[in-house]
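Each chain is listed here by its residues.
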Amino acid sequence: MVAGPPSAHAGGAPGSASGFGLGLGAPEGAGRALPLVDVDPTRSGPVPTGLDELDRVLGGGLVPGSVTLLGGEPGVGKSTLLLQVLSSTARAGAPVLLVSAEESAQQVRRRAERLGPLPPGLMILDGSDLSALPAALRDTDPALVVVDSIQAVADPGVPGTPGSLGQVRACTDLVVHLAKAHGIPFVLVGHVTKEGTLAGPRALEHLVDTVLGVEGDRHHALRTVHATKHRFGPTGELGLFEMNDTGLAAVTDPYRLLLGDRRPGAPGSAVLPAVQGQRALLVEVQALTARTAPETPSRRSAQGVDGGRLALLLAVLEQRAGVTLGRTDVFASAVGGIRVLEPAADLALALALASAVSDRPLPPDLVVFGEVGLGGEVRQVPHAPRRLAEAARVGFRHALVPEACPDGPRGMEVVHVRSLAQAVALATGAERPS
Ligand code: TYD
Ligand code: MG
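Computed from a predicted structure; not experimentally measured.

Moving on to the pattern of salt bridges. One pass over the structure, following the stated rule, counts 14 salt bridges. Overlapping salt bridges, with partners in common, bring together Glu53, Arg56 and Arg279 in one network.

Okay, the site of ligand 1 next. Around ligand 1, the structure places 16 residues, and the nearest of them are Gly75, Ser79, Thr80, Asn244 and Gly247. Contact between ligand 1 and Gly75: an oxygen atom at 2.7 Å from a main-chain N or O atom of the residue. One of the side-chain nitrogen or oxygen atoms of Thr80 is found 2.6 Å away from an oxygen atom of ligand 1. Summarising the interface, the protein chains cover 75% of the accessible area of ligand 1, which totals 560 Å² for the free molecule. Every element with two or more residues in the shell around ligand 1 is listed here: α2 (78-91), α3 (105-115) and β8 (238-244).

Along the polypeptide, Thr49 turns up in the segment before α1 (52-58). Separated by 2.8 Å, the side chains of Thr49 and Asp55 make a polar contact. If near-sequence neighbours (up to four positions away) are discounted, Thr49 is found in contact with Leu54, Asp55, Leu58, Gly61, Leu62, Val85, Ser88 and Thr89.

What follows is about the packing of α2 against α3. Their axes nearest at 10 Å, the elements α2 and α3 cross at an angle of 65°. In terms of their interaxial angle, α2 and α3 are classed as roughly perpendicular. Seen from above, α2 lies across α3 with right-handed handedness. In this structure, α2 uses Ser79, Thr80, Leu83 and Gln84 to contact α3, whose residues at the interface are Val108, Arg111, Ala112 and Leu115.

Here is what the cut-offs are and how they apply
- Residues numbered from 1 in each chain as written.
- Chains lettered and ligands numbered in written order.
- Predicted model: local features only at pLDDT ≥ 70, side-chain atom pairs only at ≥ 80, totals over all residues.
- Heavy atoms only, no water.
- Salt bridge = Lys/Arg side-chain N within 4 Å of Asp/Glu carboxyl O.
- Near = heavy atom within 4 Å.
- Polar contact = N/O pair within 3.5 Å; in protein donor to acceptor, adjacent residues only side chain to side chain.
- Areas by Shrake-Rupley, 256 points an atom, 1.4 Å probe, with all protein chains shown as cover.
- Helix = DSSP H or I, 4+ residues; strand = E, 2+ residues; numbered from the N terminus.
- Contact = heavy atoms within 4.5 Å.
- Axes fitted to C-alpha atoms, helices over the stretch in contact; angles between N-to-C directions.
- Parallel < 35°, antiparallel > 145°, perpendicular 65-115°, else oblique.
- Left-handed = near helix turned anticlockwise from the far one by under 90°.

Everything listed here is a matter of geometry and, on its own, says nothing about what the molecule does.
Structure, rendered in structure tokens:
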């Protein structure tokens, strides 16, 4: 057996297949086969960012030589979050570099001062010309580089304006190359359109190692961070932040934001123990129905819940559970600016709707979860014990759950249901002793 020609190692041509290796900077034994037992698994492990909620999502921190794309709608807090990560890394003693193509150095300084004392190791490269980056890396030898944003920088050697398909691709290729060659983690900001796609080519997501999304409602303080792609760990973890006057703070008590203003016993409200990654979180799902004005089409509005599931559940309620809607406008939302898109949310959404239509509240200390099928059956969902444990911890005493779900912790009464019709009857009181 003869080994083939030495393969291009990390730091090879940008965009070459080697550029997407495990992204660990100059690898041990590059170009040469070596026993797997001789590989040091701790080398180039994740380095904490200093923000625990972000490290939870990343599975420990940023991996040297990796490229992470942080997407989110304009104004959601991407620049703020990354400025905090840069400051925290710089405060720990390592120089860091911000390539700021959207805001001037003066603007960034003003914002950074709101977030805390300015560490001297926080360097800024102001402008959109990415050809200045290699020299800046040599000058500053940073432990972390942020490019804000990938749609605002340009490589002068490539035709096209910043944000164009060719430029975004070329700039990302260059960043991937520099990250691998220097073994530095890079984070790129990417603006997301209202429809939820990254402005610029989707192909960007394939070029990077990790894709994170920041979400949140402008009018609420809560911001969530989650990974949709992660080469170095699981996706699905949720980081929770609160936007306040001094930037994004870790949320220690999510229920102040999520359930603080809830009116227990109000019709059209159901509480769902949602699960994201390792975390169970109680979320209030609300529904409101109102007669549609004459000669206008019925409205359907879904905020933080899946619009497609809402339409489906309305049909199942009518056809399988005897809940007559008629010509009705329907509004449904998850409270607090959080999104619950898992099928386990079906039963909560359906019962909030049934409760709104009948104007009968659900019991105030009830939680519900379960997927609803087209036949009106209530289906099993994952992580039932975790959902029940969190509900019990926060003080809920009753749960309406799918048939196959285990019993809950001590002190919690768990009622198993097979069908949506049965759940509606039990929860809205048609079968409750009056
Ligand atoms: P920003 O990080 O600029 O958003 P993005 O980079 O995603 O476009 O955040 C902008 C919003 O955050 C803006 O509306 C002001 C608000 N904000 C605060 O509430 N507190 C703060 O400390 C900072 C820096 C910003
Ligand atoms: Mg910004």
